[in-house]
Amino acid sequence: MLRPTSTTLQLREMILNGELAPDERLREAELALRLGTSRMPIRQALPVLAQEGLLVRSGQRGYAVRAFTPDESLDALRLRASLEGMAARTLAERGASPDILDGLRACLAEGDALFTERVITVDDELRYGEMNARFHALVLAGARIPLLEELAARCNLVPFAAPRAIAFAHLDKRTVFDLLFYAHRQHHSIVEAIAAGKGDRAEFLFRDHAVTQENSMHMERTGAAPVRAEEFPETARAASGH
């Protein structure tokens, strides 16, 4: 798995926001000029975006933006949420192994550490995306249903449907912080439900968890009000270690 960088995040959001149009062929020199960087970070980012399903091969060595509709991304996201909800229910009802619970709690601790400064940076967004991908993968693996993992993996190939694909539609940093903070609060609740063997609640929380990702990508279109971190003081205390 190729690892994303800050340049990957910038290009991902340019695709989400329409600054890079569907079927547009990407030229390293032009992108480097637009982003104020050298060609090397662009060259490293393009295969990552292709792996995420955002780009397709164009010619022998180039890439173009994959044509897709918002509905395709939302359908894949909601289908993935249903599959992961089923996995969370199964994991809670069958009982999670100590290794799975330890892995999930390690993700919680890693996420908590990102929010201690009450501000989110580009590097923090990337680290959150990596942690989020591990969290979701652990739930799927813990359910021990290979078909669920395979179907979820297929959903992840649709643009912006994967847990790692953190992207925001022209949102200010305060709103980005609030959305990620709220999503991580949901992580805490999901782990509590799984550990307590509450299958119904674990499934509901996982399905609801996908709404946060929808808001991050379509806040302007839906007009949804952002959730503020201070509305959840109990999670703020957990994130700060108090």
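As a reminder, the structure under discussion sits directly above these lines.
Anyway, here's the lowdown on the structure attached to this text. (Residues numbered from 1 in each chain as written. Predicted model: local features only at pLDDT ≥ 70, side-chain atom pairs only at ≥ 80, totals over all residues. Heavy atoms only, no water.)

## With respect to the packing of aromatic side chains
Stated formally: For Phe, Tyr and Trp, rings pair up if their centres lie within 6.5 Å, where Trp contributes its six-membered ring, and each pair is then called stacked (planes under 30 degrees apart), edge-to-face (over 60) or tilted (otherwise). Strands here mean DSSP runs of E at least two residues long; helices mean DSSP runs of H or I at least four residues long; both are numbered from the N terminus. Using a 1.4 Å probe on the protein chains alone, a residue whose accessible area is under 20% of its type maximum counts as buried, one over 50% counts as exposed, and one in between counts as partly exposed. Throughout this description, the term charge over a ring refers to an Arg CZ or Lys NZ atom that lies within 6 Å of the ring centre and within 35 degrees of the ring normal.
Under the criterion given, the structure shown has six aromatic pairs. Geometrically, the ring pair formed by Phe68 and Phe160 is tilted, given 5.8 Å between the ring centres and 55° between the ring planes. On the criterion of sequence distance, the pair formed by Phe68 in the loop between β3 (62–65) and α4 (70–94) and Phe160 in the loop between α7 (146–155) and α8 (173–195) is long-range, its members being 92 residues apart. Between Phe135 and Phe206, the ring centres sit 6.4 Å apart and the planes meet at 35°, which makes this aromatic pair tilted. Residue Phe135 is located in helix α6 (residues 122–143), and its partner Phe206 is located in helix α9 (residues 199–222); the two are separated by 71 residues in the primary sequence. Look at Phe135 and you get buried, because its relative accessible area is 0%. The rings of Phe115, Tyr128, Phe177 and Phe181 are connected pair by pair, giving a single aromatic cluster. Across the ring face of Phe181, the terminal group of Arg118 is positioned such that the distance to the ring centre comes to 5.8 Å.

## Considering the sheet that holds strand β1 (residues 25–26)
Two orientations exist for strands paired in a sheet by backbone hydrogen bonds: parallel and antiparallel. Note the cut-off: Strands were regarded as paired on the criterion that DSSP finds at least two bridges between them.
Taken in spatial order, the three strands line up as β1-β3-β2 in an open sheet, and their pairing is antiparallel. One side of each edge strand has no neighbouring strand; the edge strands of this open sheet are β1 and β2 (55–58). Where β2 meets β3, four bridges bridge the pair, whose relative direction is antiparallel. Among the inter-strand pairings, Val56 is bridged to a residue of β3, identified as Ala64.

## Comments concerning the environment of Asp112
Applied cut-off: Between N or O atoms, a polar contact is any pair within 3.5 Å; within protein, one atom must be a potential hydrogen donor and the other a potential acceptor, and residues adjacent in sequence are included only when both atoms are from side chains.
Checked against the element boundaries, Asp112 lands in helix α5 (residues 98–114). According to the relative accessible area criterion, Asp112 is buried, its value standing at 12%. Put simply, Asp112 and Tyr128 are 16 residues apart on the chain and 10.0 Å apart in space, counted from C-alpha to C-alpha. Reaching out from Asp112, the side chain makes a polar contact with the side chain of His188 at a distance of 2.8 Å.

## Section: unusual backbone geometry
With a phi angle near 60°, Arg118 is a residue other than glycine that sits in the positive phi range. For Arg118, a relative accessible area of 42% gives the class partly exposed.

## What to know about the pattern of salt bridges
Basically, it comes down to this: A pairing counts as a salt bridge when a side-chain nitrogen of Lys or Arg comes within 4 Å of a carboxyl oxygen of Asp or Glu.
By the definition in use, this model includes 13 salt bridges. A salt bridge links Glu52 to Arg12; the shortest N-O distance between them is 2.6 Å. Of this pair, Glu52 sits in the loop between α3 (39–51) and β2 while Arg12 is found in helix α1 (residues 6–16), placing the two residues 40 residues apart along the sequence. Given the relative accessible area of 12%, Glu52 is considered buried. A salt bridge links Glu125 to Lys173, with the shortest nitrogen-to-oxygen separation between them at 2.7 Å. Of this pair, Glu125 sits in helix α6 while Lys173 sits in helix α8, and the two are 48 residues apart along the sequence.

## Details of the packing of helix α2 (residues 28–35) against α3
Definition in use: Lines are fitted to the C-alpha atoms to define the axes, a helix being fitted only along its stretch in contact, and any angle between axes, read from their N-to-C directions, falls within 0 to 180 degrees. An angle counts as roughly parallel when it lies under 35 degrees, as roughly antiparallel when it exceeds 145, as roughly perpendicular when it falls between 65 and 115, and as oblique in every other case. Handedness of a helix crossing follows the sense of rotation of the near helix relative to the far helix, less than a right angle counterclockwise being left-handed and clockwise being right-handed. Two residues form a contact once any of their heavy atoms are found within 4.5 Å.
Where α2 contacts α3, the two axes come as close as 9 Å, and the packing angle between them is 115°. By the criterion of interaxial angle, the relationship of α2 to α3 is roughly perpendicular. Once α2 is placed against α3, the crossing between them reads as right-handed. On α3, the residues that touch Glu28, Ala29, Leu31, Ala32 and Leu35 of α2 are Arg39, Ile42, Arg43 and Leu46.

## Notes on α7
As a reminder of what qualifies: Here the arc refers to the directions that run from the helix axis out to each C-beta atom.
Within α7 the residues assigned to the buried category are Leu148, Ala152 and Cys155. With its buried residues spanning 50° around the axis, α7 presents them on a single face. Exposed side of α7, more than 90 degrees from the buried face: Pro146, Leu147 and Arg154 are the residues found there. Looking at the buried residues of α7, the elements they touch are α4 and α6.

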